[in-house]
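What follows is the residue order along each chain.
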Amino acid sequence: LVATATTAVYADRDGGAADESAAVADDDPAVAGLLAIERALLAHPDALVLRVAALVGPGRQHAAERIRTAAGAPLTIAGDPGRPFSYLHEDDAADLCALALAGDLGRGLLNAAAPTLLTVAGYYRLLAQRLGLALDLRGDDTPTPRRVIDARQLQALLPGRAWRSP
């Protein structure tokens, strides 16, 4: 049994790393529900749950559409644009699921994120550059979790892997 879950369950780390043992935000009812699903999945003796960071890639167009819509005007996003942005390319996610189904990633719980660290602003700048558009990005000061997803356990299982960029 292989299931994908979300790293959004982790509590704020004030910019620090969240590995698989990090505190979760189980005081949030939505997170509590997600954790209950994970626990049920992990009760299966042959299960792996991959907590996936923000998915990026050609099939993920929300941020690019926001940049296009702003058309050079200020674009305001939730939270601090300088907060860490952990991601996983959608094609890497598909590869990981295939490896997991083959039994190559073991059992239990693993974070799934590329080893490259970005900020939210860096991600938006990269997209704007690829689109050939100017970007004036601003944050709205909404409290937003600041954490880097530590996926070293998974990455250690795949030495030499070429992770895709956003």
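The rules we used
- Residues numbered from 1 in each chain as written.
- Predicted model: local features only at pLDDT ≥ 70, side-chain atom pairs only at ≥ 80, totals over all residues.
- Heavy atoms only, no water.
- Axes fitted to C-alpha atoms, helices over the stretch in contact; angles between N-to-C directions.
- Helix = DSSP H or I, 4+ residues; strand = E, 2+ residues; numbered from the N terminus.
- Left-handed = near helix turned anticlockwise from the far one by under 90°.
- Contact = heavy atoms within 4.5 Å.
- Nonpolar A, V, L, I, M, F, W, Y, C, P; charged D, E, K, R; others polar.
- Pairing = 2+ DSSP bridges.
- Buried < 20%, exposed > 50% of the residue type's maximum accessible area, 1.4 Å probe, protein only.
- Polar contact = N/O pair within 3.5 Å; in protein donor to acceptor, adjacent residues only side chain to side chain.
- Arc of directions from axis to C-beta.
- Salt bridge = Lys/Arg side-chain N within 4 Å of Asp/Glu carboxyl O.

(A) Inspection of the packing of helix α2 (residues 62-70) against helix α4 (residues 120-131) at higher detail. Where α2 contacts α4, the two axes come as close as 10 Å, and the packing angle between them is 65 degrees. You can see that α2 and α4 cross each other, and the crossing is right-handed. Taking contact as the criterion, the partners of Ala 63, Ala 64, Arg 66, Ile 67 and Arg 68 in α2 are, on α4, Tyr 123, Tyr 124, Leu 127, Ala 128 and Leu 131. Looking at the contact of α2 with α4 residue by residue, the class counts come to eight nonpolar, no polar and two charged.

(B) Geometry of the sheet that holds strand β1 (residues 2-6). In spatial order, the strands read β1-β3-β8; together these three strands make up an open sheet with parallel pairing. Two strands lie at the open edges of the sheet, namely β1 and β8 (108-112), each paired on one side alone. Averaged over neighbouring strand pairs, the angle between their axes works out to 25 degrees when direction is ignored. Pairing between strand β3 (residues 48-52) and β8: five bridges, direction parallel. Paired with Leu 48 across the strands is Gly 108, a residue of β8. Contacts from helix α1 (residues 29-42) reach β1, β3 and β8 within the one sheet, and its direction differs from that of β3 by about 150 degrees.

(C) Looking closely at unusual backbone geometry. The phi dihedral of Asp 14 is positive, around 55 degrees, even though this residue is not glycine. Inspection of the secondary structure assignment puts Asp 14 in the loop between β1 and β2 (17-18). A relative accessible area of 64% places Asp 14 in the exposed class. Even without being glycine, Asp 141 reaches a positive phi, approximately 65 degrees. Asp 141 sits in the exposed class, given a relative accessible area of 72%.

(D) Quick look at the environment of Glu 90. Residue position: Glu 90 is located in helix α3 (residues 90-101). Once the C-alpha coordinates of Glu 90 and Asp 14 are considered, the two residues, 76 residues apart in sequence, prove to be 27 Å apart. With residues near it in sequence (within four places) discarded, Glu 90 still touches Leu 55, Val 56, Gly 57, Pro 58, Gly 59 and Arg 60. At a separation of 2.7 Å, a polar atom in the side chain of Glu 90 contacts the main-chain amide nitrogen of Gly 59.

(E) Focus on α2. Buried residues of α2: Ala 63, Ala 64, Ile 67 and Ala 70, and no others. The buried residues of α2 occupy an angular sector of 125 degrees when the element is viewed end-on, so they sit on one face. Facing away from the buried surface of α2 by more than 90 degrees, the exposed residues are His 62 and Thr 69. As for α2, its buried residues are in contact with β5 (74-77) and α4.

(F) Quick look at the pattern of salt bridges. What the rule picks out here adds up to 11 salt bridges. Put simply, Asp 46 and Arg 107 hold a salt bridge, and the shortest N to O gap is 2.0 Å. With a gap of 61 residues between them, Asp 46 in the loop between α1 and β3 and Arg 107 in the loop between α3 and β8 connect regions that are remote in the sequence. Between Asp 80 and Arg 146 there is a salt bridge, with the nearest N and O atoms lying 2.8 Å from each other. One end of the pair, Asp 80, is in the loop between β5 and β6 (84-85); the other, Arg 146, is in the loop between β10 (136-139) and β11 (148-149), and 66 residues separate them in sequence. When salt bridges with common partners are traced through the structure, they connect Asp 92, Asp 95, Arg 161 and Arg 164 into a single cluster.

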